[in-house]
Protein chains: 2
Amino acid sequence: MQKELTKIQQNILDYLVEQRSKSRTPTLAEIAKHFGYKNRSTVQQHLQAIERKGFIKRNPKISRGIELTFENNYFIPHPVLGEVAAGNPLTIYPDSIDTVELPTIAHVPNDSFLLKVKGDSLKDAYIFTGDIVIVNPNMEAESGQFVVAVLDNEAVVKRLIKKENVIELHSENPEYEPIKIEKTHSNFQLVGVVIGVYRTMAKKVG
Amino acid sequence: MQKELTKIQQNILDYLVEQRSKSRTPTLAEIAKHFGYKNRSTVQQHLQAIERKGFIKRNPKISRGIELTFENNYFIPHPVLGEVAAGNPLTIYPDSIDTVELPTIAHVPNDSFLLKVKGDSLKDAYIFTGDIVIVNPNMEAESGQFVVAVLDNEAVVKRLIKKENVIELHSENPEYEPIKIEKTHSNFQLVGVVIGVYRTMAKKVG
DNA sequence: AATAGAACCATACAAATGTATGGTATGTAT
DNA sequence: ATACATACCATACATTTGTATGGTTCTATT
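Residues numbered from 1 in each chain as written. Chains lettered and ligands numbered in written order. Predicted model: local features only at pLDDT ≥ 70, side-chain atom pairs only at ≥ 80, totals over all residues. Heavy atoms only, no water.

1. Points about the side chain of Thr25(B)
For Thr25(B), the location among the structural elements is in the loop between α1 (7–22) and α2 (28–35). Exposure remark for Thr25(B): the relative accessible area of 5% places this residue in the buried category. Separated by 2.8 Å, the side chain of Thr25(B) and the backbone oxygen of Arg64(B) make a polar contact. Each residue touching Thr25(B), except ones within four places of it in the same chain, is listed here: Arg24(A), Arg20(B), Arg64(B) and Ile66(B). (Helix = DSSP H or I, 4+ residues; strand = E, 2+ residues; numbered from the N terminus. Buried < 20%, exposed > 50% of the residue type's maximum accessible area, 1.4 Å probe, protein only. Polar contact = N/O pair within 3.5 Å; in protein donor to acceptor, adjacent residues only side chain to side chain. Contact = heavy atoms within 4.5 Å.)

Dropping the structure here:
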């Protein structure tokens, strides 16, 4: 049904998808600037071609009115900042080490990031190896919530329990002992709160 | 730190969040139209007030340039179309029966919908009661994928196995027998493919 | 009574945005 | 050699969009 896109058209479509997964679909001018075109008309013609071939739908007259027709069939690579141990700590990497493909349903805002889970200490919380935890570094952690923490440069995801003078990090798996953090502990840092767990069930099609 | 919003300002902010979770942040004109204002200036003044109180950040001169400063701290109610049984079938409801609060990280496009899981037959696939499955009705189901199907007006989520002349719906839990669907089966309908599973870990703050 | 803020409107304007037309160059298929 | 699609540009134009200013009404506070 759909004709093939030319290389340039594909590049533009990829850019649309990429921007789309951030927040806004770009304007013609923004697309032109990104690709170095001196003119919006060039973009306009490419978009018309892409629309003719059925990959996007444009809302006439509406700014940023580009819609992706394949929306949910499309999976977008998102950077994963590192792996986080459910049981024993693992290293958290400074830069993206990997990507996971999430459906376009998942929109990752600026200050949130993703970590891939390894280990089985959280299995009683129904979090498993390969799951993607979504971490918000700007949220106040409450007792009982799952958090990502760095202990001596190693990252863990555990349930946070606040007590009198101690913070405890619990695994759901009773085989692992709770870690006690004195308030004076130097090499402890709370990275963020786990706001969700996502697991990809179906891979990209088309 | 942040002052309180007036009722009208709160309504506008809610509208921003709602639209944001769909696809585009609205323009001033669109906001004005939605609230019945005859003028964009009214909206402009409200937005300025909301920004002054710290709830949004505006990108000057950029169309649809409103950003939510609380982004990931905010949870948006999404309609859940029904409950779907992992083990024995449950009813799927025609209209929204419930809502789940997803972080703004989750952007739900038009043709995708959410179902809440009940039952434990999928526990070996790490899907549990209370989890939200994201269903795409426009995706071609492949053998081995998890699908939502309606059998005699009851909905199930199971793994689809395509065989010669039969379609089988498997539970991961061996206690449940596979359901065999002859190609001539009248009361069977494939609803969609489960593209992901989401579980909310932390609730709304602020 | 005077003041201040909230809520709304009309008007105006510059810039951004989508759109249309005509033109040039290049490669490819017929 | 001709025709055609792709890729790009310049120019032009009507809306859309964000922004600013001044004015009116209402309510709450001092």
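2. Remarks on the nonpolar core
Side chains of a nonpolar character, in soluble globular proteins, are inclined to be buried together. Ranked by size, the top nonpolar core spans 33 residues in total, and within it Leu169(A) and Leu169(B) carry the most contacts. Those residues within four positions of Leu169(A) in sequence are excluded, and the remaining contacts are Val147(A), Ala149(A), Leu151(A), Val156(A), Lys158(A), Arg159(A), Leu160(A), Pro178(A), Ile179(A), Ile181(A) and Phe188(A). (Core = buried A, V, L, I, M, F, W, Y, C linked by side-chain atoms within 4.5 Å.)

3. Digging into the packing of aromatic side chains
By the definition in use, this model includes four aromatic pairs over all chains. Seen from their ring centres, Phe35(B) and Tyr37(B) are 6.2 Å apart, and the 25° between their planes marks the pair as stacked. With relative accessibility at 29%, the residue Phe35(B) sits in the partly exposed group. Feature note: the residues Tyr15(A), Phe35(A) and Tyr37(A) constitute an aromatic cluster, connected by ring pairs. (Phe/Tyr/Trp six-rings, centres within 6.5 Å; stacked < 30°, edge-to-face > 60°.)

4. So, the protein's contact with DNA strand D
Tyr37(A), Gln45(A), Arg40(B), Ser41(B) and Arg64(B) are the nearest of the 26 residues found near DNA strand D. A distance of 2.6 Å separates a phosphate oxygen of DNA strand D from a polar atom in the side chain of Tyr37(A). Ser63(A) has a polar side-chain atom sitting 3.3 Å from a phosphate oxygen of DNA strand D. If you tally residues by element for the surface near DNA strand D, the top one is helix α3 (residues 40–52) of chain B, at five residues. A per-class count over the surface near DNA strand D returns five nonpolar, 14 polar and seven charged. (Near = heavy atom within 4 Å. Nonpolar A, V, L, I, M, F, W, Y, C, P; charged D, E, K, R; others polar.)

5. Examining the protein's contact with DNA strand C
In the vicinity of DNA strand C, 25 residues are found, and the nearest of them are Arg40(A), Ser41(A), Tyr37(B), Asn39(B) and Gln45(B). Restricting the count to atoms of DNA strand C within 4 Å of the protein gives a sugar and phosphate share of 53%. With respect to DNA strand C, the side chain of Tyr37(B) contributes an N or O atom lying 2.6 Å from a phosphate oxygen. The side chain of Gln45(B) places a nitrogen or oxygen atom 2.7 Å from a base nitrogen of DNA strand C. Elements with a minimum of two residues in the surface near DNA strand C: α3 (40–52) of chain A together with α1 and α3 of chain B. A per-element tally of the surface near DNA strand C places α3(A) first, with five residues.

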